[in-house]
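Residue-level listing of the chains:
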Number of protein chains: 2
Amino acid sequence: MKPQNRKDEIVKAAAKLFKKKGYSAVTMRDLATALGIKAASLYNHINSKQELLNTIIISIAEEFTNEMNSIKNADTATAQKLTDIVELHIKIASENTYGMASLNNDWMHLEDQLEYYLTLRNGYEEDFRNIIKAGIKHKEIVDENPEIILFSLLSTLRSLYLWIPKKEALDKNSLSKSLSHILIKGINS
Amino acid sequence: MKPQNRKDEIVKAAAKLFKKKGYSAVTMRDLATALGIKAASLYNHINSKQELLNTIIISIAEEFTNEMNSIKNADTATAQKLTDIVELHIKIASENTYGMASLNNDWMHLEDQLEYYLTLRNGYEEDFRNIIKAGIKHKEIVDENPEIILFSLLSTLRSLYLWIPKKEALDKNSLSKSLSHILIKGINS
DNA sequence: AATTTTAACTAACACCTGTTAGTTTAAGCA
DNA sequence: TGCTTAAACTAACAGGTGTTAGTTAAAATT
């Protein structure tokens, strides 16, 4: 119905500010100033500050969930699934750097949608865990504690949003190759 | 002079709240309530909310800097230095889980001490980078982009504070061994 | 040309923020 | 016992918070 153009601009500006200062430290007056308007004018397009956070975080969380579904159901070896996951994180972190910051740092300020978000996150982690466990079972992955492996991989992948924007020189394909290599085969020579 | 006992309790309670909600979302009334007193009473012991954040973050940053100095100057092989760094992060994340959250997520809200903090952090990362580069030079580490290796290792190590408190079953020694193994030798079998 | 819609505005609200000033209470010490 | 100190308290402040109500001006639609 309504053209959501202006609303999208507001969401984008909000995500950018949320990355820089965190959700709680950003005021609606900050956001309005960044867009060159007055705070009250924002409410012609959005319903609340909370809604901005919900929109930003949930859309990314759902994207992760959907893509993970494809990866886990594909008929591929563990190493390929892991590489696919690395690529997925690189893609989302590249396309939505600002949103990833909110997802990582401000998810606890979700209110109505907090429970839903946690369901999505737990499902994603459970799928990831099962891929690792299957890999260990089929001797494709070293027999270490799967929780430690999961933690280690997820920590790096979740932090990509901090790092990718600083290294624009690096193209996504070679980053994906190098990172997969380092995470899977280690750094030992 | 003054016994700092009560002040320490306040700093500790603050760090705990800052981890849960972030610096900006924690009010002095929240903090006081957590300690069973009124907000104004806090000011018998501390000078400002800002001072709490400074105290929490800077003490940890200095600890990292000091320990990194020992590690880099030791006459040890690259693999040993990396293991030492893993152990250092595990130690600090175990002893100061709450503080690590502030250091990771709220450093941008430092004001007077922001510049000093960034100097410490850049120094730490530069030392880490040089250890990796030397390892590559001496063929102890695979010849991948040192920036990617640094990013990957640091991401995992910086996230330990989120994970260690959830896995109290695991003792620090075996965690250190497993994690070093995974980070250095990879997860390939 | 008349009407509706879009998107800005000003003014104001009720409440929350960090912090200060001055006071009270009880314990430790002379 | 009288004095000092530690650590709480109440009351208040000046400014910031998200948000609402009602208005205006220009663009789009009829």
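Residues numbered from 1 in each chain as written. Chains lettered and ligands numbered in written order. Predicted model: local features only at pLDDT ≥ 70, side-chain atom pairs only at ≥ 80, totals over all residues. Heavy atoms only, no water.

Enquirer: I would appreciate a short explanation of the UniProt feature "DNA-binding region" (unreviewed entry) in chain A in the present structure.
Expert: Mapped onto this numbering, the UniProt entry gives "DNA-binding region" (unreviewed entry) at residues 27-46 of chain A. Between the C-alpha atoms that bound residues 27-46 of chain A the distance is 14 Å, and the span itself is 40% helix and 0% strand. (UniProt positions renumbered as here; feature names shortened; annotations may be inferred. Helix = DSSP H or I, 4+ residues; strand = E, 2+ residues; numbered from the N terminus.)

Enquirer: What's the story with the interface of chain A and chain B in this structure? I'm lost.
Expert: How big an interface is tends to be reported as the loss of accessible area on association of its parts. With 39 residues of chain A in contact, the opposing surface of chain B contributes 39 residues. Summing the contributions of chain A and of chain B, the shared interface buries around 3400 Å²; its carbon and sulfur component is 64%. The largest contributions to the chain A side of the interface with chain B come from Ile-148, Phe-151 and Ile-187 of chain A, which together make up 21% of the buried area. With a shortest N-O distance of 3.3 Å, Glu-147 of chain A and Lys-167 of chain B are connected by a salt bridge. Counting across the chain A and chain B interface gives nine residue pairs in polar contact (both at pLDDT 80 or more). (Contact = heavy atoms within 4.5 Å. Buried area = accessible area lost by both parts, 1.4 Å probe. Salt bridge = Lys/Arg side-chain N within 4 Å of Asp/Glu carboxyl O. Polar contact = N/O pair within 3.5 Å; in protein donor to acceptor, adjacent residues only side chain to side chain.)

Enquirer: Please explain the protein's contact with DNA strand D as it appears in this structure.
Expert: Near DNA strand D, the surroundings consist of 16 residues, among which Thr-27 and Tyr-43 of chain A together with Lys-38, Asn-44 and His-45 of chain B are the closest. In DNA strand D, atoms within 4 Å of the protein come from the sugar-phosphate backbone in 58% of cases. The contact in question runs from a phosphate oxygen of DNA strand D to an N or O atom on the backbone of Lys-49 of chain A, over 2.8 Å. At 2.7 Å, a side-chain N or O of His-45 of chain B approaches a phosphate oxygen of DNA strand D. Among the secondary structure elements, those contributing two or more residues to the surface near DNA strand D are helix 2 (28-35) of chain A together with helix 3 (39-42) of chain B. Across the surface near DNA strand D, the residue classes break down as six nonpolar, five polar and five charged. (Near = heavy atom within 4 Å. Nonpolar A, V, L, I, M, F, W, Y, C, P; charged D, E, K, R; others polar.)

Enquirer: Sorry, what's going on with the environment of Lys-137 of chain B here?
Expert: Residues and elements named next belong to chain B. Of note, Lys-137 is situated in helix 7 (residues 114-137). Residue Lys-137 is classed as exposed on the basis of its relative accessible area of 69%. Residues Lys-137 and Ser-94 lie 43 residues apart in sequence; the distance between their C-alpha atoms is 33 Å. (Buried < 20%, exposed > 50% of the residue type's maximum accessible area, 1.4 Å probe, protein only.)

Enquirer: Which parts of the structure should I look at to understand the packing of helix 5 (residues 78-95) of chain B against helix 8 (residues 146-158) of chain B?
Expert: When two helices pack together, their arrangement is given by the angle between the helix axes and the distance between those axes. Residues and elements named next belong to chain B. For the pair helix 5 and helix 8, the least separation of the axes is 9 Å and the interaxial angle reads 30°. In this view, helix 5 runs roughly parallel relative to helix 8, as classed from their interaxial angle. Read as a crossing pair, helix 5 and helix 8 show a hand that is right-handed. Residues Leu-82, Ile-85, Val-86 and His-89 of helix 5 form the contact with helix 8, whose participating residues are Leu-153, Leu-154, Leu-157 and Arg-158. (Axes fitted to C-alpha atoms, helices over the stretch in contact; angles between N-to-C directions. Parallel < 35°, antiparallel > 145°, perpendicular 65-115°, else oblique. Left-handed = near helix turned anticlockwise from the far one by under 90°.)

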